[in-house]
Amino acid sequence: MQLGNRERENPPVEPRLFGQPAHSRSALVLPISAARWLLVLVLLAGVYFFHGFVVPVLAAVVIGFASWPIYRRLLEAVNGNRTLAASIAIVCVIAFIVVPISLAAVYAVDEVRDWLVWAVETNANGAAVPTWLTSLPVAGAWLGQQWVKYIGHPGALGELVQLVSGSNIGNIYRGVLVVGASAFQSFLTLLFMLITLFFVYRDGQSFSKQLDHLGERIFPMRWERLSRVVPLTISSTVTGMGIIAIGEGIVLGVAYWLAGVPSPVTLGIITGIMALVPGGAPLCFTLVSVYLVASGSPVQGVVLFAWGTTELFIVDKTLRPKLVGGPIKLPFLPTFFGLIGGVKTMGFLGLFVGPVLMALLVAIWREWLHEVTTQPEQPTVNHISRADISVK
């Protein structure tokens, strides 16, 4: 039997068991959507595998931003040799930042360990009320009663520590020993930070250009302002808060040592950390001066108080206005949150990274407020568009 022309052109098709053929079906996931999800998965995998390097990378970026003006002068001095300039900068960072901080940390750990040994012995046997404490004016008798209540009898100090921190004093002592023994991990973190800082110095300019291109695509109308605010904010925050705090800690720590205060290195570090908070440094050296006066060294206490007051006046009236510049000056509450959150998340480096991140958040917030509150410019009467010119 012969087939007709229509049957030859449209032969019967056998029914498919699994639906339509591939060329006639629509894709369940579009290629562009699959590419985006693949990119998200790659980014999440990168964050998962490299999240341990976040702290040293952030520290290197903050130090690089803060010291970039000095590095630029160094780069000009070596005729634009970026590798040589970055190497010299890393040597200077090690000599003037890493080595002093490491030595201070070693002494501080030993002093804190002595404090904890005294605390364990006091918790086991109790301790009598110091004479200088009861001789304090106004509050001496009340402080003596509190000492007897919370420290005087055996086990009282452990109960106080348990009430305040939720851990017993033995666990805190063992924790400090573990912190003192984890020097190798701290050394690795420091090594990663220095390696990253070297490449920040050497390739920072080219990376900033790439970041500008990407930022213009993401924030086409705002990136130019944000990209200028961020470096100035980091530089002013680290310079104004970090360097001044370290300087006050060193100067007052030396004063504590000259005055014969016990554990001067630890008290100097505490004073430097408290100097990041407004009013923290005066509180520290005032309490130490009161301790000296009450413990039978009134001359040293008065001299220490006068020294701290003079140093604070010089810093606040001369150095701080010159060093603290830029568009962002943090209020007390964001500074406090940045310090506490940074230390809780990143440890010692969080003292500098936390306030910087808070400064960036405040900068972005003020940028949004500026856009909301600023009225758009009204067109003038004499304005002539290109269309009008072309018509004419």
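Before going into details, it helps to say that this report is about the structure given with it. (Residues numbered from 1 in each chain as written. Predicted model: local features only at pLDDT ≥ 70, side-chain atom pairs only at ≥ 80, totals over all residues. Heavy atoms only, no water.)

**Let's talk about the overall build of the protein chain**
A count of helical and extended segments in the protein chain gives 17 helices and zero strands. Across the 392 residues that make up the protein chain, the buried fraction comes to 28%. Here the analysis covers contacts within the protein chain between residues at least 6 apart in sequence; of these, 68% occur between residues at least 24 apart. (Helix = DSSP H or I, 4+ residues; strand = E, 2+ residues; numbered from the N terminus. Buried < 20%, exposed > 50% of the residue type's maximum accessible area, 1.4 Å probe, protein only. Contact = heavy atoms within 4.5 Å.)

**Some details on the packing of helix 12 (residues 264-274) against helix 13 (residues 280-294)**
In contact at an axis separation of 7 Å, helix 12 and helix 13 are set at 150° when each is read in the N-to-C sense. For the element pair helix 12 / helix 13, the angle class is roughly antiparallel. The way helix 12 lies across helix 13 gives a crossing that is right-handed. Within the contact between the two elements, helix 12 uses Leu267, Ile270, Thr271 and Met274 and helix 13 uses Gly280, Ala281, Cys284 and Val288. (Axes fitted to C-alpha atoms, helices over the stretch in contact; angles between N-to-C directions. Parallel < 35°, antiparallel > 145°, perpendicular 65-115°, else oblique. Left-handed = near helix turned anticlockwise from the far one by under 90°.)

**Observations concerning the packing of helix 5 (residues 82-125) against helix 12**
Pairs of packed helices are described in terms of their axes, by the angle between the two and the distance that separates them. Two elements in contact, helix 5 and helix 12, have axes separated by 8 Å at closest approach and are oriented at 110°. When the axis of helix 5 is compared with that of helix 12, the two are roughly perpendicular. The residues of helix 12 that touch helix 5, namely those facing Ala104, Tyr107, Ala108, Glu111, Val112 and Trp115, are Pro264, Val265, Thr266, Leu267 and Ile269. Its residues assigned to classes, the contact of helix 5 with helix 12 comprises nine nonpolar, one polar and one charged. (Nonpolar A, V, L, I, M, F, W, Y, C, P; charged D, E, K, R; others polar.)

**Points about the packing of aromatic side chains**
Evaluation of the coordinates by the stated rule reveals five aromatic pairs. Measuring from ring centre to ring centre gives 5.1 Å for Trp68 and Tyr71, while their planes differ by 45°; the resulting arrangement is tilted. With a gap of three residues between them, Trp68 and Tyr71 both fall in helix 4 (residues 68-77), about one helical turn apart. Judged by relative accessible area, Trp68 falls into the partly exposed class, the value being 22%. Each member of the aromatic cluster is reached from another via a ring pair, and the members are Trp68, Tyr71 and Tyr201. (Phe/Tyr/Trp six-rings, centres within 6.5 Å; stacked < 30°, edge-to-face > 60°.)

As far as function goes, none of this settles anything; it's purely spatial.
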